[in-house]
Amino acid sequence: MSDVWEEARLNLRKAAEIMDLEPELLRRLSTPMRFTEFTIPVRMDDGRKELFTAYRSLHQDATGPTKDGTRVRPGLTPGEIKALSLFMSVKHAVADIPAGGGKGGIVADPSRLSEGEYERLIRGFIRRLLPKGAMADVPGADIGTDARAMAWMLDEYEQISGCHSPAAINDKPAALGGSEGGHEGTGWGVAEFAHLAATELGLSGGRVAVQGFGQVGSITALTLEAKGYKVIAVSDLTGAICDEKGLNVKELLAHAAKSGAVSGFAGAKPLPGPILGTDCDILIPAAVQDVIDATNAPGIKAKLLVEAANAPIAPSADPILLASGKTIVPDVVANCGGVIVCDFERTQGLSNDYWSVETVREKLMSRVRRVYLETKAISRELNVPMRQAAWVKALKKIRAAMLWRGWS
Ligand code: NAD
């Protein structure tokens, strides 16, 4: 099994070497500023008390309050949470968001908990963590947590603190101060990055394959279809379907919402081979990490790969893909639309000025275009792939903040 924490630090070391980062700063960034492991006692429906293990990793806060998701899944490891907090530092800095990197998690399987048990677990997370609020550390959602869970987190936080503080928790419902476009932000961003890169490569309006048809994959596919791309193959955990003429993504969404799966969609055929090897122009892995490794990388036919998921391309696959002339838009760039809208959510909560969905999208697109152009410029200047360019862009920002604070 891959070591995600080591893989994350490999990216850090590569970028540090390119920009000649001070050894003291590299040492500090190679470990979280603070890592907490704690337990949450939960009264189960049958009267037993069960103890769940939880984590919160604060990678660095030189660039602003630590922010981001809370992952709840069985088998969650401290290394995964540390790696994700480092990714959050980098993603925020790449996207010019004045925030540090944070990530939390609970080792639990939400599907095995009753609604009451899950609510007590989520509320217990906040009671035990006692986050310090919008100016310090802002938990958000991730795998295993949704708007409902974030509403409970906010309610628990506000009950404890005795103050209304919508900016203290991200990814909450609009009724509690959540942002318009919170659900779509990542997918809108992925689609725009794909479009910008495709346009440069002469692939505008090209043929697209999307692995994963959840929140990110479905919105990405829908947005690309609206921009004139042909989505010819889509997969989820239940299977993969294709249509050379282009799938009707809106109808596919309705089918998947009703049946819970992409397979069985009328008019489409089952895809004969693995989706990652689809003969297409643009491949968008939007499911889970490490799906492309040294074994299947040589079979990738797409010319452009846009990492909608976090770390879908293992480090062993990167050089193989680059050597065969593929362009990769890396995760810290491709899926940063989500963190940008999260930052908009905090800004709206702090100012009590809530924006329309049109305003959110317009501001997001303008930021996405700037991130793309700036990362490409570094990539050209240093003659390095976009992944290293993005990490260098982020490290330069974090480095400047650390140096001004006298942290070296
Ligand atoms: P989701 O749970 O809504 O959807 C995941 C989809 O992937 C589902 O359709 C599932 O069936 C499919 N899937 C899972 N394993 C698969 C496999 N091995 N092969 C094919 N399909 C598979 O998740 P999401 O929110 O869409 O997130 C997708 C990825 O994007 C994750 O890696 C997540 O960490 C990353 N991400 C999400 C956001 C966000 O805003 N949701 C932001 C940044 C990054």
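Residues numbered from 1 in each chain as written. Predicted model: local features only at pLDDT ≥ 70, side-chain atom pairs only at ≥ 80, totals over all residues. Heavy atoms only, no water.

### Topic: the overall build of the protein chain
And then number 1: A tally of helices and strands in the protein chain yields 13 helices and 13 strands.
And then number 2: The C-alpha atoms of the protein chain give a radius of gyration of 21 Å, which matches the 22 Å a tight globule of 408 residues would have.
And then number 3: Seen through its C-alpha atoms, the protein chain measures out along the principal axes to roughly 55 × 50 × 45 Å.
And then number 4: For the protein chain, the proportion of its 408 residues judged to be buried stands at 56%.
And then number 5: Partitioning the intrachain contacts of the protein chain with sequence separation of at least 6 by distance along the chain shows that 68% fall at a separation of at least 24.
And then number 6: On the protein chain, roughly 16,800 Å² of surface is accessible, and the fraction owed to carbon and sulfur atoms is 53%. (Helix = DSSP H or I, 4+ residues; strand = E, 2+ residues; numbered from the N terminus. Rg over C-alpha atoms; globule rule 2.2 N^0.38 Å. Buried < 20%, exposed > 50% of the residue type's maximum accessible area, 1.4 Å probe, protein only. Contact = heavy atoms within 4.5 Å. Areas by Shrake-Rupley, 256 points an atom, 1.4 Å probe, with all protein chains shown as cover.)

### Looking at the site of the ligand
And then number 1: Taken together, 18 residues sit near the ligand, with Thr186, Gln215, Val216, Leu237 and Ala287 positioned nearest.
And then number 2: Within the backbone of Leu237, an N or O atom sits 3.0 Å from an oxygen atom of the ligand.
And then number 3: Computed on the free molecule, the ligand has an accessible area of 830 Å², of which 70% lies beneath the protein chains in the complex.
And then number 4: For the shell around the ligand, the secondary structure elements donating two or more residues are helix H7 (215-226) and strand S8 (230-236).
And then number 5: Of the residues assigned to the shell around the ligand, the class counts are 8 nonpolar, 8 polar and 2 charged. (Near = heavy atom within 4 Å. Polar contact = N/O pair within 3.5 Å; in protein donor to acceptor, adjacent residues only side chain to side chain. Nonpolar A, V, L, I, M, F, W, Y, C, P; charged D, E, K, R; others polar.)

### Considering the domain arrangement of the protein chain
And then number 1: In terms of domain boundaries, the protein chain breaks down into domain 1 (30-176) and domain 2 (185-334).
And then number 2: Distance between the C-alpha centres of domain 1 and domain 2: 29 Å.
And then number 3: Each partner contributes to the interface: domain 1 provides 5 residues, whereas domain 2 provides 4 residues.
And then number 4: Carbon and sulfur atoms supply 63% of the area buried between domain 1 and domain 2, which totals about 480 Å² over both sides. (Domains from an automatic or database assignment. Buried area = accessible area lost by both parts, 1.4 Å probe.)

### So, the packing of helix H1 (residues 4-18) against helix H3 (residues 78-94)
And then number 1: Between H1 and H3, the least distance of the axes is 7 Å, while the angle of their chain directions is 25°. As judged from the angle between their axes, H1 and H3 are roughly parallel. Pair H1 / H3 crosses with left-handed handedness. Contacts from Val4, Trp5, Ala8, Arg9, Asn11 and Leu12 in H1 reach Gly79, Glu80, Lys82, Ala83, Leu86 and Phe87 in H3.
And then number 2: Grouping the constituent residues of the contact of H1 with H3 by class yields 7 nonpolar, 2 polar and 3 charged. (Axes fitted to C-alpha atoms, helices over the stretch in contact; angles between N-to-C directions. Parallel < 35°, antiparallel > 145°, perpendicular 65-115°, else oblique. Left-handed = near helix turned anticlockwise from the far one by under 90°.)

### Here we look at the state of the cysteines
And then number 1: Taken as a whole and judged by the stated rule, the model has 0 disulfides.
And then number 2: With no disulfide of its own, Cys242 has Cys280 as its nearest cysteine by sulfur position, at a separation of 12 Å.
And then number 3: Look at Cys242 and you get buried, because its relative accessible area is 12%. (Disulfide = S-S within 2.5 Å.)

### Re the nonpolar core
And then number 1: Judged by nonpolar contacts, the single largest core of 81 residues is most densely connected at Ile284, Val306 and Val329.
And then number 2: Broken down by element, this core gets its largest block of residues, 10 residues, from helix H13 (residues 386-404).
And then number 3: Among the domains, domain 1 (30-176) and domain 2 (185-334) are the pair contributing at least three residues each to this core.
And then number 4: Contact partners of Ile284, with chain neighbours within four places excluded, come to Val190, Ala194, Val208, Ala209, Val210, Gln211, Thr220, Leu224, Val306 and Ala308.
And then number 5: Core analysis: the second largest hydrophobic core is formed by 25 residues, Phe38, Val42, Trp152 and Leu154 among them. (Core = buried A, V, L, I, M, F, W, Y, C linked by side-chain atoms within 4.5 Å.)

### Some words on the sheet that holds strand S11 (residues 282-285)
And then number 1: Ordered by their spatial adjacency, 7 strands build an open sheet running S10-S9-S8-S7-S11-S12-S13, and the pairing between neighbours is mixed. Among the strands making up the open sheet, the edge pair consists of strand S10 (269-270) and strand S13 (327-329).
And then number 2: Note: strand S7 (residues 207-211) against S11, 4 bridges, orientation parallel. Across the sheet, residue Val208 finds its bridge partner in S11, namely Ile282.
And then number 3: Strands in contact with helix H6 (residues 185-200) are S11, strand S12 (304-306) and S13; relative to S12, the strand with the most contacts, it is inclined by about 160°.
And then number 4: Running at roughly 170° to S7, H7 makes contact with S7, S8 and S11 of the sheet. (Pairing = 2+ DSSP bridges.)

### What to know about the packing of aromatic side chains
How two aromatic rings sit relative to each other is given by the distance of their centres and the angle of their planes.
And then number 1: On inspection of all chains with the given rule, the structure shows 6 aromatic pairs.
And then number 2: Look at Tyr118 and Trp152: their rings are 6.0 Å apart centre to centre, the planes differ by 70°, and that puts the pair in the edge-to-face class. Placement of the pair is Tyr118 in helix H4 (residues 115-129) and Trp152 in helix H5 (residues 147-161), with a sequence separation of 34 residues.
And then number 3: Relative accessible area serves as the criterion here: at 5%, Tyr118 is assigned to the buried category.
And then number 4: Seen from the ring of Phe35, Lys82 lies directly overhead, with NZ or CZ sitting 4.9 Å from the centre.
And then number 5: Cation over ring: Arg361 sits above Trp188, and NZ or CZ is 4.4 Å from the ring centre. (Phe/Tyr/Trp six-rings, centres within 6.5 Å; stacked < 30°, edge-to-face > 60°. Lys NZ or Arg CZ within 6 Å of the ring centre and 35° of its normal.)

### With respect to H4
And then number 1: Between its first and last C-alpha, H4 extends 21 Å over 15 residues, near the 21 Å set by a 1.5 Å rise per residue.
And then number 2: Of all the residues in H4, the buried ones are Glu117, Tyr118, Leu121, Ile122, Arg123, Gly124, Phe125, Ile126 and Leu129.
And then number 3: For H4, the elements touching its buried residues are strand S1 (34-43), strand S2 (49-60), strand S4 (70-72), strand S5 (100-106), strand S6 (137-139) and H5.
And then number 4: Directly after H4, the chain includes Leu130, whose backbone phi takes a positive value near 45°. (Expected span 1.5 Å × (residues − 1).)

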